[in-house]
Each structure stands twice: as C-alpha cells, then as structure tokens.
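# Descriptive analysis of the structure
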Amino acid sequence: MLVSQWVDAAMAGIFGLIVGSFLNVVIYRLPKMMERQWAAECAEASGKPPEDSPVFNLVQPRSRCRACGHVIRWYENVPVFSWLALRGKCSACGTSIGVRYPLVELATGALFCFAVYHWGWNAAGAAWCCFSAAIVALALIDWDTTLLPDDITLPLLWAGLLVASMRWTPVTPTQAVWGAAAGYLSLWLVYQGFKLVTGREGMGYGDFKLFAALGAWFGWQGLVPIILMASVIGAIVGIAMKLSSGLREGGYVPFGPFLAGAGLTAMVFGPAAILSAVGL
C-alpha cells in the first residue's frame, strides 16, 4: 500500500511539473489579456473602432524569448530539465531565463505530490491539486501586477463550495458557506474602515474574493489562523522591503501572495497548526 501510495504521488508530481509550466504562461499572459480586454471595452464605450491586433491568449502565440523573439521548441520547454540543460539562458541569444520558471514548476509538482500522497488518487486529491495550482497562479500574478483575476478567484470560490457539498473534505457545506461569507465580509469591513480613516484604499476587492475562497475551502474556523499568518508574514516582508528600499512605487506590498501562502500552509499542515506555531 505504501509503495503504491508513493508511486501515485510521484506520478502526480510529474503531472504537477507540467501544470507548473502552464502556470508560468498563465501568470504572464492572463494580466495582459485582461489589459487588452479593458482597452477594448474602453474603446467600445467611447465609440472608437476596435483595434486590429494579433491573437493573444493562453495558447497563441507560441512561447518565445522576450528579448529576441526566438520561438521556444518543445524540447526547450520540458519542465525544469530544459532550463537546466540551457543553463538558464535562451538558446538563440543567450539572454538569461529567470529562475522563477523552474521554481514555479517544482513548487507545483511538490504540491501535487503532497496532495495525492495525503488524500489519494481520487476526487479529493484532484481537488486539492486544482486548489494548489490556482493559489500559485494567484500569488504570483498579484505579486507582479497587484491583480487577482476573477477568472481564477471566483472559480476557486465555487470549487470550494462544491468540494464541501460533495464531502470530499472535512468541511461541511454550512461551514464552507459561512466561511466564504465571513471571509469576504471581514476584509471588506477592514477596507471600508481603513478608507474611512485614511481616505485611501488599503487593499483591493480581489483580496476579499480570495479570502472568501479560502473560507469556502477551510470553513469559517480556518479564517483566523489564515489571516493571522498572512498579516504577520506580510508585515515582516513589508518592513524588510522598506528597510532595503525594495518597495514599489506607492510604497505598498500586495496582500494576496501572503493570503495565498497562508492558504497553502493550511493545506499542508492544517489551520490548527498555524495557531499552535504562534502559541495560540
């Protein structure tokens, strides 16, 4: 049984590497697709004719080097191994390829491996693999652009409610619904209070939706440890970036990546373990 369990986990990990490679595409392209959509909607609202532009989505055009335009061949796009074989450089122009690409693939593979090892090669394991992929994508998109796309947060929310209704996790449907509602409302109230006091917006609506999704997956009981961990780590990172002059223009740090990190921590160790770690 243990050997079979490890074999299933290893297979899931390999599949996770492939999914991680696709997530790199999603992380880069989805925000640009959103910008194009906004530009088209603004043009339509102002009565301007739509601009003719080449097809750009998650499939087309083929991946290419951003420096020289070299089209990535299939054998140059094998997760992790191609990056190592190319020594982290474009085969055509020698431009450096960021180490984040293989790290995303490795992280996704590890999360898929854990999910299947822990829950099995079944509906529950598949659901947590999907959860992991969505969270990884959201964390890095928000870090890069301060955007948390509805195309990911809302399906993640509904998936959490569906998983609870199918009883694939210990969270009951009632706990999931209250978790989603409490997650959204709690950050919305913080947002409104901060705006009332300072006149500025402290976070975006995407944060509310992401926290609601986490509430759906972990139930209302998981919200306190998740927000506690996200807030503490976010504050530490924010202070460190400020001291090192690493803050971006406007002096803010997106909150979504820390919510995402706390969500993954809750998946691996459980929400209760977070409270135990901080002595609560």
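The structure presented is a predicted model; accordingly, all values stated were derived computationally and were not measured. (Residues numbered from 1 in each chain as written. Predicted model: local features only at pLDDT ≥ 70, side-chain atom pairs only at ≥ 80, totals over all residues. Heavy atoms only, no water.)

What follows deals with the overall build of the chain. On a plain count of helices and strands, the chain comes out with 10 helices and 0 strands. Going residue by residue from the N terminus, the α and β elements of the chain occur as α-α-α-α-α-α-α-α-α-α. For a compact globule of 280 residues, the expected C-alpha radius of gyration is about 19 Å, and the chain comes in at 20 Å, within 12% of that figure. Projected onto its principal axes, the C-alpha positions of the chain cover 60 × 55 × 40 Å. Expressed as a percentage of its 280 residues, the buried residues of the chain come to 38%. Contacts in the chain between residues far apart in sequence, at least 24 positions, make up 69% of those at least 6 positions apart. Carbon and sulfur atoms provide 67% of the accessible area of the chain, an area that totals close to 15600 Å². Of the side-chain charges in the chain, 17 are positive and 15 negative, and the distance between the mean point of each set is 7 Å. (Helix = DSSP H or I, 4+ residues; strand = E, 2+ residues; numbered from the N terminus. Rg over C-alpha atoms; globule rule 2.2 N^0.38 Å. Buried < 20%, exposed > 50% of the residue type's maximum accessible area, 1.4 Å probe, protein only. Contact = heavy atoms within 4.5 Å. Areas by Shrake-Rupley, 256 points an atom, 1.4 Å probe, with all protein chains shown as cover. Lys, Arg positive; Asp, Glu negative; His and termini not counted. Charge placed at Lys NZ, Arg CZ, Asp CG, Glu CD.)

The peptide bond linking Q60 to P61 adopts the cis configuration, its omega dihedral lying at -10 degrees. Structurally, P61 can be placed in the loop between α1 (2-45) and α2 (81-85). Located in the positive-phi region is T146, a residue other than glycine, with phi close to 60 degrees. With respect to the helices and strands, T146 occurs in the loop between α4 (123-145) and α5 (150-165).

Moving on, we come to the side chain of S82. Note that S82 resides in helix α2. A polar contact of 3.4 Å, which involves the side chain of S82, links it to the backbone nitrogen of N77. (Polar contact = N/O pair within 3.5 Å; in protein donor to acceptor, adjacent residues only side chain to side chain.)

With that out of the way, let us pick up the pattern of salt bridges. Between side chains of opposite charge, pairing is possible as soon as their charged atoms come close. All chains considered together, the criterion is met by 3 salt bridges. Close ionic contact of R100 with D144 constitutes a salt bridge, the shortest N to O distance being 2.7 Å. Of this pair, R100 sits in helix α3 (residues 100-119) while D144 is found in helix α4, placing the two residues 44 residues apart along the sequence. Between K209 and D150 there is a salt bridge; the shortest N-O distance is 2.8 Å. Taken together, the positions of K209 in helix α7 (residues 205-218) and D150 in helix α5 put the pair 59 residues apart, joining distant regions of the chain. (Salt bridge = Lys/Arg side-chain N within 4 Å of Asp/Glu carboxyl O.)

On to the nonpolar core, then. Core analysis: the biggest nonpolar cluster contains 55 residues, and F131, L156, L214, F218 and L259 have the highest contact counts within it. Broken down by secondary-structure element, the contributors of at least two residues to this core are α1, α3, α4, α5, α6 (173-198), α7, α8 (223-243) and α9 (256-269). The dominant element in this core, judged by the number of residues it contributes, is α4, at 13 residues. Not counting residues within four places of it along the chain, the set of residues in contact with F131 comprises L156, L214, W217, F218, G263, L264 and M267. (Core = buried A, V, L, I, M, F, W, Y, C linked by side-chain atoms within 4.5 Å.)

For the rest of this paragraph, the subject is the confidence of the model for the chain. The predicted coordinates of low-pLDDT regions are not to be read in fine detail. Within the chain, residue pLDDT values average 90, and 95% of them lie at 70 or more. When mean pLDDT is compared element by element in the chain, α5 scores highest at 97, while helix α10 (residues 271-277) scores lowest at 76. (pLDDT = per-residue confidence, 0-100.)

Right, let's get into the side chain of H70. Among the secondary structure elements, H70 is positioned in the loop between α1 and α2. Residue contacts for H70: discarding those within four places in its chain leaves S63, R64, C65, E76, C90, S91 and A92.

What follows deals with the packing of α3 against α9. Between two packed helices, what matters for the description is the angle formed by their axes and the separation of those axes. It is at 10 Å that the axes of α3 and α9 come closest, and there the two elements cross at 35 degrees. The way α3 lies across α9 gives a crossing that is left-handed. Every residue of α9 that contacts α3 at L111, F114 and W119 is listed here: L264, M267 and V268. Across the contact of α3 with α9, the residue classes break down as 6 nonpolar, no polar and no charged. (Axes fitted to C-alpha atoms, helices over the stretch in contact; angles between N-to-C directions. Left-handed = near helix turned anticlockwise from the far one by under 90°. Nonpolar A, V, L, I, M, F, W, Y, C, P; charged D, E, K, R; others polar.)

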